Amino acid sequence: MLKDEDFYLPGTPYTKEEIRAVLLKKLNLKGDEVVYEVGSGSGTITVELALSLPRGKVYAFEKDLQRLEVIKENLRRFSVRNVVLLPQALPCDLSAYPPPDMVVIGGSSNLKEVLKQVGACLKNGGVLAGLAVTLESLAIYQEFFQNSSFTDFDGISIAITRFKKAGSYHILNAQNPVFIFTGRKKGEKNG
Ligand SMILES: C[S@@+](CC[C@H](N)C(=O)[O-])C[C@H]1O[C@@H](n2cnc3c(N)ncnc32)[C@H](O)[C@@H]1O
């Protein structure tokens with residue numbers, strides 16, 4: 001697991017290291033999967049995924065073109081070579097890419113449409129994981145996993161509180177809670 005301070009983070013949004021650790025644990029990667037990441041942001045999850053996939057590949061989608069240089073710098077820092085960085089907003093044409101074994105949504109506008117698209121292209125038996133911080137996304141994930149062709153729904157909330165130095169004392173500094181939802185697409189694994 002990598003530390004936040006090891007990344008290049010010039011004020012761009014990123015997922016904190018404790019949240020990344022729990023997400024990675026939940027994904028339980030074998031190491032040869034194709035993973036789509038929607039909303040690469042600063043690339044912290046992208047790098048952690050790529051390093052967990054010695055025989056696999058990450059297709060990282062990021063719609064904000066200004067963030068691409070930050071992601072590239074983080075891929076360079078960790079000598080990551082198995083990421084295809086795509087300056088695109090989902091939904092988009094995905095026909096050029098192999099269907100994913102897993103999808104991680106790190107944050108998404110147009111979440112309903114994105115879930116519909118990645119839910120359809122995910123392989124049977126594949127895992128979809130989504131991170132959420134807003135009430136609206138919670139409702140969308142809840143509805144999606146209840147009404148779709150997914151099973152093994154799981155949802156957790158993580159609230160990290162760190163000690164921060166304040167003069168000669170250490171006081172608590174609470175981070176916003178983050179929700180992680182996961183579900184598995186029904187059906188037999190098909191390659
Ligand atoms: C909270 S940030 C993700 C941070 C990232 N997990 C990290 O640790 O570096 C969410 C990102 O998703 C991107 N995004 C939102 N909707 C998207 C979409 N539909 N397609 C591609 N990227 C999207 C935003 O531009 C933003 O950079």
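Let me begin by describing the structure that accompanies this report. (Residues numbered from 1 in each chain as written. Predicted model: local features only at pLDDT ≥ 70, side-chain atom pairs only at ≥ 80, totals over all residues. Heavy atoms only, no water.)

**Quick look at the overall build of the protein**
Then comes step 1: From N to C terminus, the protein includes five helices and nine strands.
Then comes step 2: The C-alpha radius of gyration of the protein comes to 17 Å, within 12% of the 16 Å expected for a compact globule of 191 residues.
Then comes step 3: Along the first, second and third principal axes, the C-alpha set of the protein runs to 60 × 35 × 30 Å.
Then comes step 4: For the protein, buried positions account for 46% of its 191 residues.
Then comes step 5: Looking at the protein alone, contacts between residues at least 24 apart form 67% of all its contacts between residues at least 6 apart.
Then comes step 6: Surface accessibility of the protein: about 9900 Å² in total, with carbon and sulfur atoms responsible for 51%.
Then comes step 7: The positive charge centre, built from 24 side chains, and the negative charge centre, built from 21, are 2 Å apart in the protein. (Helix = DSSP H or I, 4+ residues; strand = E, 2+ residues; numbered from the N terminus. Rg over C-alpha atoms; globule rule 2.2 N^0.38 Å. Buried < 20%, exposed > 50% of the residue type's maximum accessible area, 1.4 Å probe, protein only. Contact = heavy atoms within 4.5 Å. Areas by Shrake-Rupley, 256 points an atom, 1.4 Å probe, with all protein chains shown as cover. Lys, Arg positive; Asp, Glu negative; His and termini not counted. Charge placed at Lys NZ, Arg CZ, Asp CG, Glu CD.)

**Overview of the site of the ligand**
Then comes step 1: Not every one of the 24 residues close to the ligand is listed here, only the nearest: Thr15, Ser42, Thr44, Glu62 and Arg67.
Then comes step 2: Within the backbone of Lys63, a nitrogen or oxygen atom sits 3.3 Å from a nitrogen atom of the ligand.
Then comes step 3: Separating a nitrogen atom of the ligand from a backbone N or O atom of Ser109 is a distance of 2.9 Å.
Then comes step 4: Coverage of the ligand by the protein chains reaches 89% of its 600 Å² of free accessible surface.
Then comes step 5: Partitioning the shell around the ligand into residue classes produces eight nonpolar, twelve polar and four charged. (Near = heavy atom within 4 Å. Polar contact = N/O pair within 3.5 Å; in protein donor to acceptor, adjacent residues only side chain to side chain. Nonpolar A, V, L, I, M, F, W, Y, C, P; charged D, E, K, R; others polar.)

**Brief notes about the side chain of Ser137**
Then comes step 1: Here Ser137 lies in helix H5 (residues 135-147).
Then comes step 2: Ser137 gets classed as buried once you look at its relative accessible area, which sits at 13%.
Then comes step 3: A polar contact is formed between the side chain of Ser137 and the side chain of Thr134, at a distance of 2.4 Å.
Then comes step 4: Not counting chain neighbours up to four residues away, the residues in contact with Ser137 comprise Leu111 and Ala132.

**Some details on the pattern of salt bridges**
Then comes step 1: Summed over the entire model, instances satisfying the criterion amount to 14 salt bridges.
Then comes step 2: One salt bridge connects Glu18 with Arg162, and the closest N-O pair in it is separated by 2.9 Å. Of this pair, Glu18 sits in helix H1 (residues 17-27) while Arg162 sits in strand S7 (residues 161-166); the two residues are 144 residues apart in sequence, bridging distant segments of the chain.
Then comes step 3: A residue is classified by how much of its surface remains accessible, and Glu18, at 25% relative accessible area, is partly exposed.
Then comes step 4: By relative accessible area, which is 27% here, Arg162 ends up partly exposed. (Salt bridge = Lys/Arg side-chain N within 4 Å of Asp/Glu carboxyl O.)

**Description of the nonpolar core**
Then comes step 1: Among the nonpolar cores identified, the biggest contains 30 residues, and Leu23, Leu27, Leu29 and Leu49 are the most heavily contacted of them.
Then comes step 2: Looking at this core, the elements that each hand over two or more residues are H1, helix H2 (44-51), strand S2 (57-61), helix H3 (68-77), strand S4 (102-105), strand S5 (127-132) and strand S9 (178-185).
Then comes step 3: Aside from chain neighbours lying at most four places away, what touches Leu27 is Leu49, Met102, Val104, Val127 and Ala129.
Then comes step 4: Within the second largest apolar cluster, 25 residues are counted, among which are Val34, Leu90, Phe144 and Phe145. (Core = buried A, V, L, I, M, F, W, Y, C linked by side-chain atoms within 4.5 Å.)

Honestly, it's all geometry; don't read function into it.
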